[in-house]
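# What the coordinates show
In case you want the letters, here they are:
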Amino acid sequence: MFMLACALVPALMWLGLLLVPWRPWSTREHLEADPFAGQAFDLSDVTVLIPARNEGDVLGLTLAALQSQGTGLHVIVVDDQSTDDTASIAAAFPRTRVISGQPLPEGWAGKLWALEQGSKQVHTALTLLLDADIQLQPGMLATLVAHKRREQRQLVSLMADLRRTSFWDRLLLPVFVYYFKLLYPFALSNAKSRFVAAAAGGCILVDTEVLRRISAFASLRDALIDDCTLARQVKQAGYRIWLGLSRDVVSLRPYGSLASIHQMVARSAFTQLGYSTTLLLAVTAVFALAYGAPLALLGAPQVWPLALTAWLAMTVSYLPMLRYYRMSPLWALLLPLSATLYLAMTWSSAIRFWRGVRSHWKGRVYNA
């Protein structure tokens, strides 16, 4: 009976995932750039707000891409106490204002403090919150503005295409997006219901007046998962949001190694669980059942058909993500390995927290 349960439950889990109407595995919520849209598009009502701390290696590419997005665009770079050439690189670009960030106050996350300082200098109807390592392909901003107006949303955001230059990138980064969509189904986030709200912090276009009405960024000053916190506040205030994927919003951040991806995941994974040991144990049990049991029982008499069904449904659920990022479907066979590594990184995040470190990023340590 126990073996039957261990085979039946994951089969029902994966089949249920494929059949739920909001289709969290789907890539239907996406937006790609119209390369001709930005050539004469008036962007004078948009200010790009970029928090930057020691981003000299990528900021130039980000700002250069903004120059071709349309006419009249305003850009503000908040130099967050950088020790490299971030400020001088930003100052070399036209229509780009550089603000020297003040020291980080107690109780603030660095990115949010930089955004708070920069937001006071925004005088346009729209604000684009853009990470310093995000490159927009030609026409992307004009396409995003047009989409926002057409859908009548007050906040729209796009999840960047993460660079895949190594085995570890290809193994783990598409899975990162896959898990994010399972955790925050885009269809539910984009619906009117306030129960699910999500955004991708690398690229968020939002009404400036909405930011002021919800007292962003002071109202979420200590949030480490600031994008979803912002989306939740916007939605709870009665506004509409939209989140999608894009291959034309490109992350310039190089990962390449397992260690660098581990650093990216571990800094916020336990935060995602609300620092709850109970939830951590529950997630561990679910991962063991969903990914481990089907493989372990494939050769077991009597229950192998259920185990095979679970394994096939699991694989099928990941194929749309691989297809969207133009990767071989064979990577789906390694999904259990990816899951094992993500679970290990989540435990690493928890261990950091138990040792007193809430998060560590760009030379700053946020204590638990």
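Heads up: the structure comes first, above all this text.
What counts and what doesn't
Residues numbered from 1 in each chain as written. Predicted model: local features only at pLDDT ≥ 70, side-chain atom pairs only at ≥ 80, totals over all residues. Heavy atoms only, no water. Phe/Tyr/Trp six-rings, centres within 6.5 Å; stacked < 30°, edge-to-face > 60°. Buried < 20%, exposed > 50% of the residue type's maximum accessible area, 1.4 Å probe, protein only. Helix = DSSP H or I, 4+ residues; strand = E, 2+ residues; numbered from the N terminus. Lys NZ or Arg CZ within 6 Å of the ring centre and 35° of its normal. Salt bridge = Lys/Arg side-chain N within 4 Å of Asp/Glu carboxyl O. Pairing = 2+ DSSP bridges.

## Observations concerning the packing of aromatic side chains
Two measures describe an aromatic ring pair: the distance that separates the ring centres and the angle between the ring planes. Evaluated as defined, the whole model comprises 17 aromatic pairs. On the numbers, 5.2 Å between centres and 45 degrees between planes, the contact of Phe180 with Tyr184 is tilted. Across the pair, exposure class does not vary: Phe180 and Tyr184 are buried alike. With a centroid separation of 4.4 Å and an interplanar angle of 15 degrees, the aromatic rings of Tyr275 and Phe353 are classed as stacked. Taken together, the residues Tyr275 in the loop between helix H11 (269–272) and helix H12 (277–296) and Phe353 in helix H14 (residues 335–354) connect sequence positions 78 residues apart. Taken together through their ring pairs, the aromatic side chains of Trp14, Tyr178, Tyr179, Phe287, Tyr291, Tyr318 and Tyr342 make up a single cluster. Over the face of the ring belonging to Phe186 we find Lys181, whose NZ or CZ atom lies 4.6 Å from the ring centre. One cation-aromatic arrangement involves Arg247 over Tyr324; the distance from NZ or CZ to the ring centre is 4.5 Å.

## Focus: the pattern of salt bridges
Considering all chains together, one arrives at 12 salt bridges under this definition. When the shortest N-O distance is used, the salt bridge between Glu209 and Arg213 registers 3.3 Å. You can see Glu209 and its partner Arg213 sitting in helix H8 (residues 208–213), four residues apart, about one turn around the helix. Under the relative-accessibility criterion, Glu209 is labelled partly exposed at 42%. Take Arg213: its relative accessible area is 56%, and that puts it in the exposed class. Overlapping salt bridges bring together Arg28, Glu29 and Lys181 as one network.

## Some points on the pairing of strand S6 (residues 155–161)
Along S6, seven of the seven residues are buried, which leaves the element largely enclosed by surrounding structure. Alignment of S6 against strand S7 (residues 203–207), held across three bridges, turns out to be antiparallel. Bridged to Leu155 within S7 is Val206. Direction of pairing for S6 relative to strand S8 (residues 241–251): parallel, over a ladder of six bridges.

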